[in-house]
Amino acid sequence: MNFIESVESLEEQMAAPSALDRESVRRLKGDFIVLGAGGKMGPSLARRIRRAADAEGVPRRVIAVSRFSSLALVDELNRDGIETITCDLLNRDEVAGLPACANVLFLSGRKFGSTDRPDLTWATNTVIPAQVACHYRTSRIVAFSTGNVYPLVKLDSGGSVESDPPGPVGEYAQSCLGRERVFEYYSQERGTPCLLFRLNYAVDLRYGVLVDIARKVFAGQPIDLTVPALNAIWQGDANSYALRCLEQCSSPAGILNVTGPEIISVRRAAESFARLLHREPLFKGEEGEFALLSNAARCHSLLGRPEVTLEVLLEWVAHWVERGGVSLGKPTKFEVADGRF
Ligand SMILES: NC(=O)c1ccc[n+]([C@@H]2O[C@H](COP(=O)([O-])OP(=O)(O)OC[C@H]3O[C@@H](n4cnc5c(N)ncnc54)[C@H](OP(=O)(O)O)[C@@H]3O)[C@@H](O)[C@H]2O)c1
């Protein structure tokens, strides 16, 4: 097993483009812009595209746009050959000044604190998409969304599929459906090629559902079983799919569930971590019958299975937690069943 020992090798692992990523960047003409690039996924996605273009020797601008509260991140991205633009996407004039780009990856969003400032959550998740869709009406847009737009389903359902009706629980999830509807509307009305990228739980080693479970096991804290199962995917694989989904954009907008192939039992994941970390797992709460689960079979048949398997991911996470690897301190709150984040 090749363990990941440092933030540098973690970043390297997530930024390294696959052969399929490189081919996709070569085929995709024009520049790339990542909107909402300052969060957990944007930096590694921008780097992956930069490195894919460089490896193929095709001249492409890769531009990262965010409010960038961290100036250090701006420096790091610039050093890696990524242009940065500081922009509040809620500001219409600032959006109007963004450069034209053929390929748009839309990551901006707001989840946590959604119960304190629902107005800001709705503005971020619906007003920004409207401004972006208007500005980038002639571009391809991969709009990040979430499996939270589905209702909770029975564990034996196999997970929600793209054709299932949405049933978002709580205002965060409802605003994410709003984000989708806005992109759908502009795609339908103006012919903008778009793909709604319904992601369930990316895992970096510094955050993610599996990291949350592993940290609790390691600290001897009980794991809540109210939400008994979940989906997860290595963030590098999620970013690879996002990049390659630019070639899947269509008008009217298409939908793709993006996650790993397994429905992961929270109890079993905790037991695996307990074995790897030499701890006794503790549990709390009544094991529920319903969970937020997506079925990503269509994604896997279209774009191939994730490169990092669940087995490897569990080992990587356990090793990272055991050696005291850094945490972003951003718990996913996967155990929340009422949609209040
Ligand atoms: N990570 C996951 O497991 C996961 C799962 C399901 C769905 N998603 C979706 O995928 C997207 C990317 O995920 P993520 O984990 O990278 O999200 P994230 O950490 O929340 O990053 C989104 C970024 O958008 C930027 N943003 C927010 N409001 C903005 C504004 N007014 N103007 C400019 N930028 C703004 C913020 O960066 P600044 O502070 O620099 O502006 C924020 O860090 C999100 O929309 C999320 O809904 C993620």
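Residues numbered from 1 in each chain as written. Predicted model: local features only at pLDDT ≥ 70, side-chain atom pairs only at ≥ 80, totals over all residues. Heavy atoms only, no water.

What follows concerns the packing of aromatic side chains. Per the stated rule, a full pass over the model turns up four aromatic pairs. When the centroid spacing of 5.0 Å and the interplanar angle of 75° are considered together, the rings of Tyr185 and Tyr186 count as edge-to-face. For Tyr185, a relative accessible area of 46% corresponds to the partly exposed category. Taking the relative accessible area as the measure of exposure, Tyr186 reaches 15% and is therefore buried. Taking the centre distance of 4.9 Å and the plane angle of 70° together, the rings of Trp234 and Trp316 count as edge-to-face. One end of the pair, Trp234, is in strand E11 (residues 233-234); the other, Trp316, is in helix H12 (residues 310-322), and 82 residues separate them in sequence. By relative accessible area, Trp234 is classed as buried at 2%. Across the ring face of Phe283, the terminal group of Arg267 is positioned such that the distance to the ring centre comes to 4.7 Å. (Phe/Tyr/Trp six-rings, centres within 6.5 Å; stacked < 30°, edge-to-face > 60°. Buried < 20%, exposed > 50% of the residue type's maximum accessible area, 1.4 Å probe, protein only. Helix = DSSP H or I, 4+ residues; strand = E, 2+ residues; numbered from the N terminus. Lys NZ or Arg CZ within 6 Å of the ring centre and 35° of its normal.)

Attention shifts here to helix H7 (residues 170-190). Along its 21 residues, H7 runs 30 Å from first to last C-alpha, staying within 8% of the 30 Å computed at 1.5 Å per residue. Immediately downstream of H7, the backbone of Gly191 shows phi near 75°, a positive value. (Expected span 1.5 Å × (residues − 1).)

The subject of this paragraph is the site of the ligand. Around the ligand lies a shell of 26 residues, among which Met41, Arg67, Leu89, Leu107 and Ala202 are the nearest. Here an oxygen atom of the ligand and a backbone polar atom of Leu107 are 2.8 Å apart. Between an oxygen atom of the ligand and a main-chain N or O atom of Ala202, the distance comes to 2.8 Å. In the complex, 87% of the free accessible area of the ligand, which totals 860 Å², lies under the protein chains. Top contributing element to the shell around the ligand by residue count: strand E5 (residues 140-146), with three residues. Within the shell around the ligand, the residues separate by chemical class into 13 nonpolar, nine polar and four charged. (Near = heavy atom within 4 Å. Polar contact = N/O pair within 3.5 Å; in protein donor to acceptor, adjacent residues only side chain to side chain. Areas by Shrake-Rupley, 256 points an atom, 1.4 Å probe, with all protein chains shown as cover. Nonpolar A, V, L, I, M, F, W, Y, C, P; charged D, E, K, R; others polar.)

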